[in-house]
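Chain residues, written in single-letter form:
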Amino acid sequence: MAHLMKKNLLPLLILLSTLSFEETTSKKCPFSHEYEVHVINYLIPTSKIPVTVHCESGNDDLGNHTLPHLNSEFNWSFCESIFHNTLFFCRIRWGSKYLMFDVYKSEWRDRCSTRVCFWGVQNDGIYFGDGLGNDMEKSYSW
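Here the residue numbers are simple positions, counted from 1 along each chain's written sequence. Given that this is a predicted model, residues contribute local features only at a pLDDT of at least 70 and side-chain atom pairs are listed and counted only at 80 or more, while totals for whole chains, interfaces and linings are drawn from all residues. Note that the side-chain values use all heavy atoms of the structure and ignore hydrogens as well as water.

**With respect to the overall build of the chain**
Which entries qualify depends on this criterion: In this text, helices come from DSSP runs of H or I with a minimum length of four residues, and strands from runs of E with a minimum of two, each type numbered from the N-terminal end. When accessible area is computed with a 1.4 Å probe and restricted to protein chains, residues below 20% of their type maximum are described as buried, those above 50% as exposed, and intermediate ones as partly exposed. In these tables, accessible area is a Shrake-Rupley quantity obtained with a 1.4 Å probe, and a residue counts as shielded only by the protein chains included in the view.
Of regular secondary structure, the chain possesses one helix and nine strands. Counting helices and strands in the order they occur from the N terminus, the chain gives α-β-β-β-β-β-β-β-β-β. The 142 residues of the chain split such that 34% are buried. Per element, the accessible surface of the chain, about 9000 Å² overall, is 57% carbon and sulfur.

Take a look at the structure:
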């Protein structure tokens, strides 16, 4: 009897875990959540000097990207590590100004509550926004 009960219970448990698993994950990230990072040129007035961006993690080098004009952007998406140790950082150069900073850390999951992080390059520094319509906050000065 106990063997029969275990045999019937196992498919039900597998079905329930599959259903709850599908609700919490995307197709791209079967074991975690997908996040996006956007780096946007908000230099005003429009600068003749382009912004260059180079972002990477321990696993992915996303290469050099040029943001030549106002509102041009570089963005990417990724799957959060199941170990919650994801880190992406960027190097941003605008003429003689240069900054290197973290753009996503696993412990910032609440900071990027929409799973989208926005970084704006402005004349006086780098600003962060969460995509919820709130004003961007200055995070780094040149």
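What follows continues from the structure just given.
**Things to note about the sheet that holds strand β2 (residues 51-57)**
Put simply, the rule reads: Note: two strands are recorded as paired if DSSP finds a minimum of 2 bridges between them. Here the axes come from fitting lines to C-alpha atoms, over the contacting stretch only for helices, and the angles between their N-to-C directions go from 0 to 180 degrees.
Across the sheet, which stays open at both edges, the four strands sit in the order β3-β2-β5-β6 with antiparallel pairing between neighbours. In this open sheet, the two strands that pair with only one neighbour each are β3 (61-67) and β6 (97-105). Ignoring strand direction, the axes of neighbouring strands in this sheet form an average angle of 15°. Inspection of the sheet shows strand β5 (residues 87-94) paired to β6 by eight bridges, in the antiparallel sense. Its bridge partner lying in β6, I92 is registered against L99.

**Things to note about the confidence of the model for the chain**
Selection criterion: pLDDT: the predictor's confidence for each residue, scored from 0 to 100. Whether two residues are in contact is decided by their heavy atoms, any of which lying within 4.5 Å being enough.
The predicted model of the chain has a mean per-residue pLDDT of 83, with 80% of residues at 70 or higher. Contacts for the low-pLDDT stretch residues 10-26, under 50 throughout, to residues beyond four places or in other chains number eight contacts.

**Some words on the packing of aromatic side chains**
So the rule is basically this: By convention, a stacked pair of Phe, Tyr or Trp rings (six-membered ring in the case of Trp) has centres within 6.5 Å and planes under 30 degrees apart, an edge-to-face pair has planes over 60 apart, and any other such pair is tilted. We call a charge positioned above a ring when the Lys NZ or Arg CZ atom is no farther than 6 Å from the ring centre and deviates by at most 35 degrees from the ring normal.
For the structure shown, the criterion picks out twelve aromatic pairs. Seen in terms of ring centroids, Y35 and Y104 are 4.9 Å apart; in terms of plane orientation they differ by 45°. Their pairing is tilted. Highlighted residues: Y35 in strand β1 (residues 34-41) and Y104 in strand β6, separated in sequence by 69 residues. The exposure class assigned to Y35 is buried, which follows from its relative accessible area of 4%. For Y104, a relative accessible area of 0% puts it in the buried group. With a centroid separation of 5.2 Å and 55° between ring planes, the pair formed by F101 and W119 is classed as tilted. With F101 in strand β6 and W119 in strand β7 (residues 116-122), the pair connects residues that are 18 residues apart, well separated along the chain. Given a relative accessible area of 4%, F101 falls into the buried group. Through pairs of rings, three or more aromatic residues link up here, namely Y35, F74, W76, F78, F88 and Y104. For R111, the ring lying beneath its charged end belongs to W108, and the centroid distance is 4.7 Å.

**Here's the deal with a nonpolar patch on the surface**
Using the following cut-off: Every patch collects residues that have over 30% relative accessible area and no salt bridge, joining them within 9 Å if they carry like charges and within 5 Å if they are nonpolar side chains (Val, Leu, Ile, Met, Phe, Trp, Tyr). We count a salt bridge whenever a side-chain nitrogen from Lys or Arg sits within 4 Å of a carboxyl oxygen from Asp or Glu.
Among the surface-exposed residues, F31, I82 and F83 lie close enough to one another that they form a single nonpolar patch of about 410 Å² accessible area. Looking at the secondary structure, you find I82 in the loop between β4 (73-79) and β5.

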